[in-house]
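Summary of structural features
Spelled out from the first residue to the last, the chains are:
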Amino acid sequence: MERLGSETALAGMESSMKEDLSMEIDPPFKENLATAEDWRKALNKVVPAVVVLRTTACRAFDTELAGASYATGFVVDKFRGIILTNRHVVKPGPVVAEAMFVNREEIPVYPIYRDPVHDFGFFRYDPAAIQFLSYEEIPLAPEAACVGLEIRVVGNDSGEKVSILAGTLARLDRDAPHYKKDGYNDFNTFYMQATSGTKGGSSGSPVIDWQGRAVALNAGSKTSSASAFFLPLERVVRALQFLQKGRDTITNTWEAVTIPRGTLQTTFLHKGFDETRRLGLRCETEQLVRHASPLGETGMLVVDSVVPEGPAHKQLEPGDVLVRLNGEVTTQFLRMEDLLDNSVDHNVELQIERGGKPLTVNLKVQNLHSITPDHFIEISGAVIHPLSYQQARNFRFQCGLVYVAEQGYMLFRAGVPRHAIIKKFDGKDISRLEDFISALSKLSRGARVPLEYINYTDRHRRKSVLVTVDRHEWYAPPQIYTRNDSSSLWTVNPVLPPDSPLLSPQINPSEHDLTSNTDSPFDAEHTLIGQSRECIGQEPMDNVASMETSSEHMAEGSHSPAESDSGTKKRRVGEDLPVDGGLIPECSLHEPREERLGDHGSESETATGDFQGAGAASNSSATEHVIEPTLVMLEVHVPSSCMLDGVHSQHFFGTGVIIHHSQTMGLVAVDKNTVAVSVSDVMLSFAAYPMEIPGEVVFLHPVHNFAIVAYDPSALGAGASLVRAAELHPEPALRRGDSVCLVGLSRSLQATSRKSFVTNPSAALNIGSADCPRYRATNMEVIELDTDFGSTFSGVLTDDLGRVKAIWGSFSTQLKYGCSSSEDHQFVRGIPIHSISYILDKILTDANGPVLLINGIKRPMPVVRILEVELYPTLLSKARSFGLSDTWIQALVKKDPIRRQVLRVKGCLSGSKAENLLEQGDMVLAINKEPVTCFLDIEYACQALGPHNDKLELTIFRQSREIELLVGTDVRDGNGTTRVINWCGCIVQDPHSAVRALGFLPEEGHGVYVARWCHGSPVHRYGLYALQWIVEVNGKPTPNLDALVEVTKEIEHGEFIRVRTIHLNGKPRVLTLKQDLHYWPTWELRFDPETAIWRRRTIKSLD
């Protein structure tokens, strides 16, 4: 990924005059006498030594994000196997890289040095690995650079194998380009400038003269003017000499070499004498400097910024003009750095002028490597390490503070952003990484503790958030990565001691077998609501759909470093919900009942009496007063490590309604645009009592747009008596013209109500499939009102007595514009309450499905029998045109004189029992000889089937003929996806219903569906992206997840793998990738219904 160098907009205007005048003050032009034959010979020698680098940053670290990219490098020491490239290519953090020579020989390369400040670094390789290419190293000649020198930039430009771009050096004293305010920037050096038009992938290219010598290193460019920026090579030559001295002989292992680098944690700029005079430089000092400096010197070094608490803090100030360093007049960066690098841990004397006043200061030169982090901890996907000098300079903070390079899940859930500095955790002051680890080691799973942080965008105010430690095993235990310069790997070790509470397994309440589902409810009335939701997309680590893999670019306008594939985080309102979509559930009616818990005692009443009185506001309507104690605000987070079933966002808000409340169990119903998948952390805030408690997803309807979340009533304490269940009233169903009251919650947990009238009680939904398949409501009729209340307000529809007739829930869809663009959208409609009431009855009485532990009690959960066919209604007038007889039209009108429609088959779910029996366009006329006119008729027919009879007798109309068919039904539970595997950074699962609804599953095997992929992983590097099935690995079929596990267990670390895939569009593909068990072990996450905990298990790792 290339970085396009840039200047800040602010500096642009201030420096425009200086840049216009720069040609007059550069060294004199040298005549170029090179011929075309000279260039041909030089290029023939240079090109074989130039390599294409394919790098993968395995973790976000310091200034760089995780990602995969292309760049360029060139051999500078053939004997020792050393390749020179840019620092932002070598990366400051964990990196895996390969170099490809011009003859397509590819070899692994390993980082041995990345400069803490300047944009250069080195890879090493085994020279013996190159067997078929004759090449020579490229000599470095920094002294040959001059204005007017004709040059060639040889490298991988815009992903091309070899690109040769011509140019002429125009400047040697350009300020270092400013790339990004919160990323890597070079400083305390000049850059060269030429018009060569380099683009993505050319970072690290050699800038050569006609003799085949490298005179500079390509680093960045400015796209607006086709200008390229080159790093001078003087400091590169010094570093290379240290590496060469440290390894005079070839050995099997590379010993780490220390290259002395000194710093005062001060940034200098080179200012012309005209500006230094305005800063107060005395005339006699200017005269002294001009006489002591080389001919043609035009300025002096001026302090631009000082890092807090560094060696120069409170000693130097911006605007100070450097006159002498250790008694020597110093006006050039190169000499200043040379003096500092040779004085590490020693004092230096600086003579400066501040506003015309001469001052002398003595400062201790600090070891630059000591403030360059070489370790980090990874917890819940977050990368945390000491603040580097680079970022301390950007943010004006002290080096070594606890810095969040990647927020991961736990910190994202708390609202801690990237680039945050952690100041306090669990009440303890945090100034070093060790302080954070110490505080973390005392916490247990599920703990909620305060955290304070500051951010460079709002540096003067601390922000306080509540961090929830993961209760489920979404991520591996906290680990510490430490750089090993000898092996070029980052060694991994546990962070916490073995006796840390955080490493203990989750403790669950005592378990009881529920032989009879008797519950002592507070108020067994039922309701549901889905309020406005806010979905915050994440990027970090995971993405869906194709993302670019080759780009070492960086747009100067955005001032960003080499980040080609980083996803941007967006804040969205009204997003979606993926879950296994199936089809229609059973749906018998539930009669509301009132059951009260016995007296709680006067103490509880006293504790809650004041709040209860406050809730009954005098200006609230009677309906609000009835419904408000039943409403709940849900905040839902989805871990980035397991975003399954097409869910495209990590953060959802919505309103639910309590449908059951007893001593042992509370149940909340909410739409699936709020609770999208079972792999979620749910927090519930009650309108009746100011308390927030966790919930667990216990049922996701495979077809209808609702989910059920359980909570522990005992966690409410005294507030349990104020919370109650709503009364569900499915019959009689709403009709056109009925008056209803829409009641919902505001974000401040206040109930609001609005009157309206039903305009259409049976509007059929028609939601198309999204680009990335996710749950969409099908085979549903919804309620429409006469007033548009917007797409964010939702709630429950009640009658005048406060009885819930429907929920006003949110639906997710995707609006498509043309062939290539689309936008996520949400809308709200009324969902009749009968399906929720039916499932609730099954949970409380006679469910016979899989057992699930809820609040320490094992309960059988319901299963839903459905016909896995997507249907849509067609008017009878249209059906007549297809040849439907008058007899059937009259029979259907008689059955339902209001709808006057017939159901047609839109498609069957792949793998369903109906797949090979029903065809697109079939009209479903009757089931068991009874006419069918709506989705509910099919739902009731499925519910009526017994345990030993799973087939429906359908009468269909196909191509002008009536046909009798026996069509099998399918049984689905409400667990959703319960197993996920991460292999080489791709997240695979069984195909969920939204994928199956597309009507295609590969014949070779369809049990290994790629749902997501991770940045910086092998699949990112080699292009194994989402929306496809893995059907074969190394020639062995992988029809299901178990087969994939067995095949991958046999593959060792670093081994190349042949993978055969089939895309959603049916296109097969074969690709290769290299397994990396060091940074990307294979692991499995599976839901354990016995403990109601998601358990993580490592399948294969590099021990």
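Residues numbered from 1 in each chain as written. Predicted model: local features only at pLDDT ≥ 70, side-chain atom pairs only at ≥ 80, totals over all residues. Heavy atoms only, no water.

On a plain count of helices and strands, the protein chain comes out with 19 helices and 64 strands. The contacts of the protein chain with a sequence gap of at least 6 include a subset with a gap of at least 24, amounting to 72%. Accessible surface for the protein chain amounts to roughly 41,600 Å². Of this, 50% is attributable to carbon and sulfur atoms. (Helix = DSSP H or I, 4+ residues; strand = E, 2+ residues; numbered from the N terminus. Contact = heavy atoms within 4.5 Å. Areas by Shrake-Rupley, 256 points an atom, 1.4 Å probe, with all protein chains shown as cover.)

On to the packing of aromatic side chains. With the rule as written, the count across this model stands at 22 aromatic pairs. Pairing Phe-190 with Phe-333 gives two aromatic rings, centres 5.1 Å apart and planes at 75°, and the pair type is edge-to-face. Residue Phe-190 is found in strand E9 (residues 190–194), and its partner Phe-333 is found in helix H7 (residues 333–341); the two are separated by 143 residues along the sequence. Grouping residues by exposure puts Phe-190 and Phe-333 together as buried. Their ring planes at 15° and their centres at 4.4 Å tell us that Phe-395 and Tyr-456 sit as a pair that is stacked. (Phe/Tyr/Trp six-rings, centres within 6.5 Å; stacked < 30°, edge-to-face > 60°. Buried < 20%, exposed > 50% of the residue type's maximum accessible area, 1.4 Å probe, protein only.)

In this section: the sheet that holds strand E2 (residues 67–77). Read once around its circumference, the closed barrel built from six strands follows the order E1-E2-E3-E6-E5-E4, with strand pairing classed as antiparallel. Looking at each pair of strands side by side, their axes are set apart by 40° on average, direction ignored. Inspection of the sheet shows E2 paired to strand E3 (residues 82–85) by three bridges, in the antiparallel sense. The residue bridging Asp-77 from the neighbouring strand is Ile-82, located in E3. Helix H4 (residues 234–246) rests against E2, E3, strand E5 (106–114) and strand E6 (121–124) of the sheet, and its axis sits at about 35° to E6. (Pairing = 2+ DSSP bridges. Axes fitted to C-alpha atoms, helices over the stretch in contact; angles between N-to-C directions.)

Glancing now at the pairing of strand E63 (residues 1082–1088). Burial of E63 is extensive: five of the seven residues sit out of reach of the surface. Bridge count for strand E56 (residues 979–983) against E63 is four bridges, and the pairing is antiparallel. The residue bridging Ile-981 from the neighbouring strand is Glu-1084, located in E63. Where E63 lies against strand E64 (residues 1093–1100), seven bridges are found, and the strand directions are antiparallel. Bridging from a neighbouring strand, Leu-1085 pairs with Arg-1096 of E64. In textbook terms, the turn of a hairpin is the stretch between consecutive antiparallel strands, and for E63 and E64 this stretch comprises four residues, one of which, Ala-1092, has a positive phi near 60°.

Positionally, Glu-286 belongs in helix H6 (residues 283–292). Once you skip the residues sitting within four places of it in the chain, Glu-286 turns out to touch Phe-273, Arg-277 and Leu-281.

This part is about the pattern of salt bridges. A complete count under the given rule lists 68 salt bridges for this structure. Salt bridges sharing partners connect three or more residues here, namely Asp-115, Arg-235, Arg-238, Arg-261, Glu-328, Arg-335, Glu-337, Asp-338 and Asp-341. (Salt bridge = Lys/Arg side-chain N within 4 Å of Asp/Glu carboxyl O.)

The strand order around the closed barrel formed by six strands is E7-E8-E9-E12-E11-E10, and the pairing between neighbours is antiparallel. For this sheet the average axis-to-axis angle between neighbouring strands, irrespective of direction, equals 45°. Examined bridge by bridge, strand E8 (residues 163–175) and E9 share four bridges and lie antiparallel to one another. Bridge pairing in E9 places Arg-174 opposite Tyr-191.

Restricting attention to buried positions, one finds in helix H19 (residues 1041–1049) the residues Leu-1041, Ala-1043, Leu-1044, Val-1045, Val-1047 and Thr-1048. Buried residues in H19 make contact with E56, strand E57 (986–989), strand E59 (1028–1033), strand E60 (1036–1037) and E64.

Relative to each other, H4 and H7 sit at 25°, their axes nearing to 11 Å. One finds that H4 runs roughly parallel with respect to H7. Mapping the contact onto sequence places Glu-234, Arg-235 and Arg-238 in H4 and Leu-334, Glu-337, Asp-338 and Asp-341 in H7. Classifying every residue of the contact of H4 with H7 by side-chain character gives one nonpolar, no polar and six charged. (Parallel < 35°, antiparallel > 145°, perpendicular 65-115°, else oblique. Nonpolar A, V, L, I, M, F, W, Y, C, P; charged D, E, K, R; others polar.)

What follows is about the environment of Ala-725. Along the chain, Ala-725 falls in the loop between strand E39 (707–711) and strand E40 (739–745). Taking C-alpha positions, Ala-725 is 7.7 Å from Val-657, a pair spaced 68 residues apart along the chain.

In terms of strand pairing, E59 meets strand E61 (residues 1056–1063) through five bridges, oriented antiparallel. If you follow Glu-1032 over to E61, its bridge partner there is Arg-1060. Relative to strand E62 (residues 1068–1074), E61 runs antiparallel, the two sharing seven bridges. Bridge pairing in E62 links Arg-1060 to Val-1070. If you look at the hairpin formed by E61 and E62, you'll find four residues sitting between the two strands, and Gly-1066 has a positive phi there, around 90°.

Residues Ile-659, Leu-667, Val-698, Ile-708 and Phe-811 are the most contacted members of the largest nonpolar core, which totals 60 residues. The biggest single contributor to this core is helix H13 (residues 834–846), with six residues. If sequence neighbours within four positions are ignored, Ile-708 has contacts with Ile-659, Leu-667, Val-668, Glu-696, Val-697, Val-698, Phe-699, Ile-839 and Ile-843. (Core = buried A, V, L, I, M, F, W, Y, C linked by side-chain atoms within 4.5 Å.)

Okay, helix H2 (residues 36–46) next. Residues three or four positions apart in an α-helix share a direction because the helix packs 3.6 residues into each turn. All of the buried residues in H2 are Trp-39, Ala-42, Leu-43 and Val-46. Within H2, the buried residues cover an arc of 95° as seen down the axis, which keeps them to one side. Next to the buried residues of H2 lie strand E1 (50–57), strand E7 (150–155), E8 and strand E10 (206–208). (Arc of directions from axis to C-beta.)

Looking at the secondary structure, you find Glu-98 in strand E4 (residues 95–100). Among the residues examined, Glu-98 registers a relative accessible area of 4% and is labelled buried. Side-chain polar atoms of Glu-98 contact the side chain of Arg-1021, separated by 2.7 Å. When near neighbours in sequence (up to four residues on either side) are disregarded, Glu-98 contacts Val-52, Leu-53, Arg-54, Glu-106, Ile-107, Pro-108, Val-109, Arg-1021, Tyr-1022 and Lys-1074. (Polar contact = N/O pair within 3.5 Å; in protein donor to acceptor, adjacent residues only side chain to side chain.)

What follows is about the environment of Leu-339. Mapped onto the elements of the fold, Leu-339 is located in helix H7. Separated by 13 residues in the primary sequence, Leu-339 and Asn-326 place their C-alpha atoms 8.3 Å from one another. Leave out the neighbours within four places in its chain, and Leu-339 touches Leu-325, Glu-328 and Thr-330.

Note the cis peptide between Glu-731 and Pro-732, where omega equals -5°. Note on placement: Pro-732 falls in the loop between E39 and E40. Unusually for a residue other than glycine, Asp-426 sits at a positive phi of about 55°.

A word on the environment of Ala-710. In this structure, Ala-710 sits in strand E39. Taking the C-alpha atoms as reference, Ala-710 lies 6.3 Å from Val-668; in sequence the two are 42 residues apart. Those residues within four positions of Ala-710 in sequence are excluded, and the remaining contacts are Gly-666, Leu-667, Gly-695, Glu-696, Val-698 and Ile-854.

Turning our attention to the confidence of the model for the protein chain. Overall, the predicted model of the protein chain reaches an average pLDDT of 85, with 85% of residues at or above 70. This model gives residues 1–30 a pLDDT under 50, and the stretch forms 96 contacts once residues within four places in sequence are excluded. Low pLDDT, under 50, characterises residues 509–619; the stretch is placed with 451 contacts to residues that sit more than four places away or in other chains. (pLDDT = per-residue confidence, 0-100.)

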